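The primary structure of each chain is shown beneath.
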Amino acid sequence: MVTIDIQDPDLYIDGVPHERFRALRHDDPVSWQGEPNGSGFWAIVRHPDVVEAGRDWRRFSSARGSTLEELDDEQLAVRRSMLDMDPPQHTRLRRLVGRGFTPKVVRSYETAIRLLTREIVTAAITRGRFDLVEEISKPIPVVWLCKHLGVPEVDAGLLIDLTDRMLGQEDPEYREDDIDPDVVRFAPFGTLAGLESYAYAAALADERRANPTDDILSQILFAEPGGEPLTPEEFQNFFSVLMIAGQEASRHSISHGVLALIDNPEAAERLHHEPSLFPTATEEIIRWATPIHHFRRTATVDSQLHGRTIRAGDKVTLWYISANFDETVITEPHRFDIAREPNDHVSFGKGGPHFCLGAGLARLQVRITFEELLPRIASLRLAGPAERLRSNFIHGIKHLPIEVASA
């Protein structure tokens, strides 16, 4: 059987290669993808299999890393974040911030997020023509993140830059060229931006220890989950995860959602007349966007799946972007349906220990953005081509020039 390649980042420059995923779901749902370095991984692409593997952390572990990068034990000891752990270690860290993301607490953020979003959206619309990513998609989640964590708002641009460079190494716009591998060996994603994020987190920790407040960072620093305070390495990795996760889901969902409404003007018109559809439209936007293409696990035991033998130690990838367009679960998945119910998407994972902690917050930010944007504009169109991130990991839009007319 000839393997259908889904790992080449160039495949994603013009959009998701959905035909390849459809072929794999039909003919080769657990395919072996050879990597240029001589290694390789299994790709799980059907919705039920992605859900089951994501829940079964004992058989498909996160402890060797959540990305395809090969890390030795020494690197893992320094770089391991909450994403790279299984219970009970993962549970210990997740509890640190879990209380700040309960449905009741998230609902309490709505007024503050709406006021922030309204200010950002209104300022952008007055320009008439602008890059939606730069003016709306990026600032809304990161400014809220700064306020929520207690990070100086003046550093919002720095957090965006660090995140772009850590996650965008396959894209020429963000790639850090001529890096000494030994210098970044213990940095997140093997990047200089990762080293900078560690240094930034360490400086924040020093400042909070000297001048504690009631913000989330202080709560994390002085907490003792499991009876022990976080080590400096744990805090630095924890901060990096919060910084990235607090931006990516909302940012890319907003960008893809606006592009979907431009491509489907009847959906935008319907939302104008039926604002009660904003909640279901939000779920459809998040499914359509699927901000993370895949996450990696590592097999802990030999097992069989669809006739393939997965060996203990093999890398296994769960392709959410494929699961979200699995026609056996999602009816007419390539139809953008703002009234879709049910919507069994897996953009935030589905069950299991790694279900996205900030899913409720991301949903709220996305819904409010469109509730504040659409009533304020009379027209919405592209003012240039959408530029997509060259990545098989992040489903991102780098630039989205649009032109609007105020309502």
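Here the structure is a predicted model, which means the values were calculated and not measured.

## Focus: the sheet that holds strand β8 (residues 315–319)
- Spatial strand order, β1-β2-β8-β5-β3: 5 strands in an open sheet with mixed pairing. The two strands at the open ends of the sheet, each matched to only one other strand, are β1 (30–34) and β3 (60–61).
- As judged from the 4 bridges shared by strand β2 (residues 40–44) and β8, these two strands associate in the parallel manner. Each bridged residue has a counterpart across the sheet, and for F41 the counterpart in β8 is K315.
- Its contacts with the sheet put helix α2 (residues 47–55) on β2, β3 and β8, and the angle it makes with β8 is roughly 125°.

## What about the packing of helix α12 (residues 232–263) against helix α14 (residues 278–289)?
- The interhelical angle for the contact between α12 and α14, taken along N-to-C directions, is 100°, at an axis separation of 8 Å. Between α12 and α14, the angle is such that the two are roughly perpendicular. Each of H252, S253, H256, G257 and A260 in α12 lies in contact with α14, whose residues at this interface are I285, I286, W288 and A289.

## Looking at the state of the cysteines
- Inspection of every chain in the model, using the stated rule, returns 0 disulfides.
- The thiol of C146 is not disulfide-bonded; the next cysteine sulfur, from C356, is found 18 Å away.
- For C146, a relative accessible area of 1% puts it in the buried group.
- Owing to a relative accessible area of 23%, C356 belongs among the partly exposed residues under this scheme.

Cut-offs used in this document
Residues numbered from 1 in each chain as written. Predicted model: local features only at pLDDT ≥ 70, side-chain atom pairs only at ≥ 80, totals over all residues. Heavy atoms only, no water. Pairing = 2+ DSSP bridges. Helix = DSSP H or I, 4+ residues; strand = E, 2+ residues; numbered from the N terminus. Contact = heavy atoms within 4.5 Å. Axes fitted to C-alpha atoms, helices over the stretch in contact; angles between N-to-C directions. Parallel < 35°, antiparallel > 145°, perpendicular 65-115°, else oblique. Disulfide = S-S within 2.5 Å. Buried < 20%, exposed > 50% of the residue type's maximum accessible area, 1.4 Å probe, protein only.

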